Amino acid sequence: MSAAGGLPRTGSALAIWPALRRSGLGPGLLMLAVVTGLNIALQPDFFSGASLSGNIATFAPTILICVAQAVIVLSRELDLSLGAGVSLINCVMASLPQDKVGGPLGVMAIAILVAILLGAVNGLLVAYAGLPSLVATFATGAIWFGLALTIMPQPGGVISDAIGDRYAGTLMGIPVPLLIIAVAMTGWAILARHRSGRRIMAVGSNPQAARDAGIPLRRTKLLAYLVAWILVALGAIAISAQTLSGDPRLGTSYTLASVAAVVIGGISLGGGRGTPWGALVGALVLGLVTNVIYFAGIASSWQEFVKGLVIVAALGFMVLEGQRRA
Amino acid sequence: MTDHLPLPPGRVTARRISKSFGGVPALAGVDLEPRPGRVLGLLGANGSGKSTLCRIIAGEMAPDGGELLLDGEAVRFATPKDGVRHGIVIAHQHPSLAPDLPVWENLFLGMERCGLGGFVSRAGSRRAAWHMLQAVGLDIDIDQPVERLSAAEQQLVEIARALSREPRLLILDEPTAALSAALVERLFAHVRALAASGTAIIFISHRLQEVEALCDDLVVLRNGHRVGSWELDGSLDEARVLDLLTGDSDVASRARDRKPQAAREVVLTLEGLAAGTALRGVDLDLHSGEILGLAGLQGQGQEQLLDAVAGFRRKDSGRIVHRGRALSPRRPRDMIRRGICLVPNDRHRQGLFMNETVGENLAAVSVAMQPQPWRLRRRALRDFVQRAIPRLLIKTRGPAQPVATLSGGNQQKVVIGKWLDGSVDVLLLSDPTKGVDLRARREIYDTIADLVAGGSAALVYASDIHELLHHCDRILVMFEGRIVEALSGSAMTEQRVIAASFGRVA
Amino acid sequence: MTRQLTRPLALVGVAILLLLVGQALLPGFLSLGQIGNQLKIAAFLGLFGLCQTIVIAAGGQGLDLSVGASATLGGILGAALMQGSNGLTAPALLAAVAAGGLVGVINGIGIALMRIPPLVATLAIASVVDGGTILGVSIAHPANSASPVLVAIGGWASAGVPNIVIVWAILGALAIWLLSASAWGKRLTATGANPVASLLSGNHVTAIRIAAYGLSGALAAFAGFLLTGYVGQAFFGLGDPYILTSVVVAVIGGATLAGGRAPYAGVAAAAIMMTVLVSLLTALAIGEAGRQIIFGLVLLGFLALDRMMKGSLRMAMIGRRPNPAPPIAAASSAADTPRGG
């Protein structure tokens, strides 16, 4: 019995750093600390209740959509239709006769149903038809965008104020956006302890081994897509609650943001490695960077450039850290 | 593992199984009846259909014809899981694990121990995992991702997983390829105990000594046909087996004619070569006309040594001197320019372009190394390929055949053949006959011998000691990243090599 | 050989079919002028498709999503330098191509040396290049119109054939030769198919990949420069419509993201087919929404077709699992991966 083995250790709660290194979350957290610091420096009232809850309300959609992407990436696939899907869900919500479908709850239920449908189409194409996810979801993304344009050629429509009010309010003293994020992350935490969640990781890590072990590959991948799209629905509802109208181009930027957040969060695009918490960190980094650029009063012509540089710097940082780990 | 009740007696029988791939028959109506409580040895050259047969029995592949009988009743397996459900479990030759998941989760992959509502019971799984690994002699941190384990450890995890599924038929597909002798012994003890409890076991190996030591029955396959089967009573008629395997009984008996190492010039000198943790300072001289063998247990730095000399792994310290010139290669290309060529360990991942044809693969080095990138010397390449195929005795329909459809031995010949267009001065071979049948093995060493006869030299690492004893002029034994013994002439004996492999130098 | 030609011929066939359908529905759709116009548009799409063909062939999930930024940079920089003068057109062209090449080389360094996934690396670089271009324009307020010569090359025709189509034909022929009949092309596809085996066969894998991205960037800038001539002036966002459409034509043309194949004839045919399809839809007054949907469906259809063909091909050729070495072997050595490159 060597020292390395011994009786099974129950995972020590204090062994955070090794776990962080293993999950690849370290650099993401460090970046989060840096941008938070900058934010605090530029925005002295960063910790005030209003500012915090405002920030959370703004970041919530990004976070949810990035976590959705993370779930799919963990299963060794990718979804480039998330952004267009957000737009489509938003347009559906805005074009519904709000009162006739059961008020805000009805609208939200329909949004979730639409999302599940979209996720099922992507999941079936990728898992069952065996199409490469990068291109297949790019194609479905075009279709979602086309459908959004069909429903709503111009930005417009109305989403009931009730949804907006509820989103901006609190429940049991907790801001609703924070609550949504908490529910989503708890949902993942539960799934990750369930057989199905473990199987998503196994399939992402080595599909052939998973298949040989009798794990239903297709069903597992489909599940990853469905879970992700429920998160997308939450994200779409959150952003619709802020805009209170429909826009067929609303979600466009989320697709690439979600991929960037996944990378910053230390999730391997090769699948199986990392956790959705990384995507949450990545999404916060992206959101705070935007804040910093805004509060630093950078001229608009510089903003794109600075944002690009920050992402490139983040990538370089990730790579250096990754090489050190290797 | 030890505390389960054996399943009720059940017999799995394969009857007249046939399977062909793209019109090429891999199995032509093969019967196999592994008996409960006995170990059935399955022998056959590469491409004889052993693995295909086992995959069909385990439900990983559907047969074209024939049937599987379970206690006399025909069954059909749609997925591997159906096989497992009927107690048929296979441990693959190449571990089939999820690299990012912890060891304990891999042990229950697809068969998670779950509590209420399908939630994985962590504590119970981890405790069971620890016991399973102890049983096969593996003492490791079960929380680390499997990718951190060595090849041997991964193999043991694969085996432990198979053992834990309480099989009534256990298929071990070359389980010992990556294991040291001590671990093999431990595994065998375990397999015998399992057989004694009534399990039927199919054991595949290329190592005849292991089959002799473990098996009760023997079936020999050749080209998808069953060519022989008999009960073993503790000893194996090696000549008969070799005869059946190859139709050529003196295949193994032609030892290399060793010439005295008189004033041969030194081609390659290594001084204190170190790279990473695996290679800790190696000195050696390689002479012209020589086949120098690297022996030792698996994972003692032999592969890393060859990789470092080939420029595939950066050296940390030490000198590589080739024909009087010290070299610090940055990439294999630097060494290939000087005629130092590597036949890598993993031919599928490192040696071949699996989607390409035999001809394209043979021409790969010539295309890469020719001076003008804008030209393609089609005629010269075609001539070279036409010469290389007969020279290496590659069994192929022609240069246009996809390399993926060749047998393992012929694929390996292609990997060696791609070097023959240029001038090879030092040929480095990393386990060149892994998974290669006996005849191809001999032909590969004949090619190496031809090559060194022309004044170049070869440095060969092989996991099979007999192979090295047979074909090399000298043998260096590596242990923990260093050379611990140099043997030549009459000192080259199995005993000396094995002793040195365990760090015991006479 | 026949297999290599099936797809381009089929795609051209589909394009002709679409033209005939267009003629049937809308008389005049099949006029010579119309066909010339469509070929002009296809030429640009085909040039951007060439960028993707090269980097996809280089493997490792190769993609270049910075072609739009490089093209915009090429157009704006070129216009700024030539200042509408014929004499300065050639030096401006060289500068534009060099700038694009530089962007591509930076991509290549990020991808081949720093091992950033191509999707991420090229997107990030694109945002920097786009940002830098905006910044440069807002500071320098440069000239933005094309010289008469460039307008002639980009928009006019010689003897009935648009000049830009001639340029495309020449470049396309060169590309087909480079990718399939030169040693460099073989090295590129070998590297894409199996980078480790390619490295061990003596290829300078890093250099090949960097060169592939450099070539892609230079070609994109060249296309952006010509686009300036076609449109008449350079503007921000000039190359953006081609970012994703170029990937689409590459995939329809037969490039597989796994790498190792560089079927430019197919990609060129796909560029023609897609152009005809889009113009037919436009002519039928199908709006952006319908076009997007049809676009997505066509792409899905081709993916499914590919999938079916690959499936039957694999059954016919290989049968057993083509690569018995499981990924775990790769992953297990990742901790101390040999260096080199």
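Our subject is the structure listed above.
Since the structure is predicted, the reported quantities are computational estimates derived from the model, not experimental observations.

Student: Teacher, can you tell me more about the overall build of chain A here?
Tutor: The helix and strand tally for chain A stands at 14 helices and two strands. Residues classed as buried in chain A amount to 56% of the 326 residues present. Counted over contacts in chain A with a minimum sequence separation of 6, partners at least 24 positions apart contribute 78%. Accessible surface computed for chain A: about 13,100 Å², of which carbon and sulfur atoms make up 69%.

Student: Quick question: what am I supposed to make of the overall build of chain B here?
Tutor: What chain B contains, in helices and strands, is 17 helices and 20 strands. Taking 2.2 N^0.38 as the reference for a compact globule, 506 residues should give roughly 23 Å; the C-alpha atoms of chain B span a radius of gyration of 24 Å, in line with that estimate. Once the C-alpha set of chain B is aligned to its principal axes, its extents read approximately 70 × 50 × 45 Å. Relative to its full complement of 506 residues, chain B shows a buried share of 59%. Here the contacts in chain B between residues at least 6 apart in sequence split such that 67% fall between residues at least 24 apart. Split by element, the accessible area of chain B, about 19,600 Å² in all, is 48% carbon and sulfur. The averaged location of the 60 negative side-chain charges in chain B is 6 Å from the averaged location of its 63 positive side-chain charges.

Student: Looking at this structure, I do not really get the pairing of strand 7 (residues 169–173) of chain B. What am I missing?
Tutor: A regular strand places its side chains on the two faces of the sheet in alternate fashion. All names here are of chain B. The buried count for strand 7 comes to five of five residues, which makes it a mostly enclosed element. Burial along strand 7 is two-sided: the face carrying Leu169, Ile171 and Asp173 and the face carrying Leu170 and Leu172 are both buried. Bridging between strand 7 and strand 8 (residues 200–204) involves five bridges; their strand directions are parallel. Bridged to leucine 172 within strand 8 is phenylalanine 203. Between strand 7 and its parallel partner strand 8, the chain crosses via helix 6 (residues 181–196), and the hand of that crossover is right-handed.

Student: Can you walk me through the sheet that holds strand 20 (residues 482–488) of chain B in this structure?
Tutor: Strands in a sheet are paired, the pairing made by backbone hydrogen bonds, and the direction either parallel or antiparallel. Residue and element names in this part refer to chain B. Pairing is mixed across the open sheet formed by six strands, whose spatial order is 16-17-18-13-19-20. Two strands close off the open sheet at either side, each with one partner strand: strand 16 (340–343) and strand 20. The average undirected angle you get between the axes of adjacent strands in this sheet is 20°. Most of the contacts of helix 17 (residues 494–501) go to strand 19 (residues 474–479), to which it runs at about 25°, and overall it touches strand 13 (291–295), strand 19 and strand 20.

Student: What is the right way to look at the interface of chain A and chain B in this model?
Tutor: Quite often, the size of an interface is put as the accessible area lost when its parts meet. On the chain B side, the residues contacting the 32 residues of chain A number 36 residues. Of the roughly 2,700 Å² buried between chain A and chain B, counting both surfaces, carbon and sulfur atoms make up 48%. Applying the counting rule to chain A against chain B returns four salt bridges. With a shortest N-O distance of 2.8 Å, glutamate 112 of chain B and arginine 199 of chain A are connected by a salt bridge. Our enumeration of links across chain A and chain B arrives at 12 residue pairs in polar contact (both at pLDDT 80 or more). Secondary-structure elements contributing two or more residues to the side of chain A that touches chain B are helix 9 (195–205) and helix 10 (207–212) of chain A. Here the side of chain A that touches chain B takes six residues from helix 9 of chain A, the largest share from any one element. Broken down by class, the residue content of the side of chain A that touches chain B amounts to 11 nonpolar, 12 polar and nine charged.

Student: Would you mind showing me how to read a nonpolar patch on the surface here?
Tutor: Residues Trp374 of chain B together with Val161, Ile166, Ile170, Leu174 and Trp177 of chain C make up a contiguous nonpolar surface patch of roughly 580 Å² in combined accessible area. In terms of residues, the nonpolar patch owes the most to one element, helix 7 (residues 163–181) of chain C, which gives four residues. Summarising the element assignment, leucine 174 of chain C is placed in helix 7. Judged by relative accessible area, leucine 174 of chain C falls into the partly exposed class, the value being 47%.

About the cut-offs
- Residues numbered from 1 in each chain as written.
- Chains lettered and ligands numbered in written order.
- Predicted model: local features only at pLDDT ≥ 70, side-chain atom pairs only at ≥ 80, totals over all residues.
- Heavy atoms only, no water.
- Helix = DSSP H or I, 4+ residues; strand = E, 2+ residues; numbered from the N terminus.
- Buried < 20%, exposed > 50% of the residue type's maximum accessible area, 1.4 Å probe, protein only.
- Contact = heavy atoms within 4.5 Å.
- Areas by Shrake-Rupley, 256 points an atom, 1.4 Å probe, with all protein chains shown as cover.
- Rg over C-alpha atoms; globule rule 2.2 N^0.38 Å.
- Lys, Arg positive; Asp, Glu negative; His and termini not counted.
- Charge placed at Lys NZ, Arg CZ, Asp CG, Glu CD.
- Pairing = 2+ DSSP bridges.
- Right-handed = clockwise from strand over helix to strand, strands pointing away.
- Axes fitted to C-alpha atoms, helices over the stretch in contact; angles between N-to-C directions.
- Buried area = accessible area lost by both parts, 1.4 Å probe.
- Salt bridge = Lys/Arg side-chain N within 4 Å of Asp/Glu carboxyl O.
- Polar contact = N/O pair within 3.5 Å; in protein donor to acceptor, adjacent residues only side chain to side chain.
- Nonpolar A, V, L, I, M, F, W, Y, C, P; charged D, E, K, R; others polar.
- Patch = residues over 30% accessible without salt bridge, like charges linked within 9 Å, V, L, I, M, F, W, Y side chains within 5 Å.

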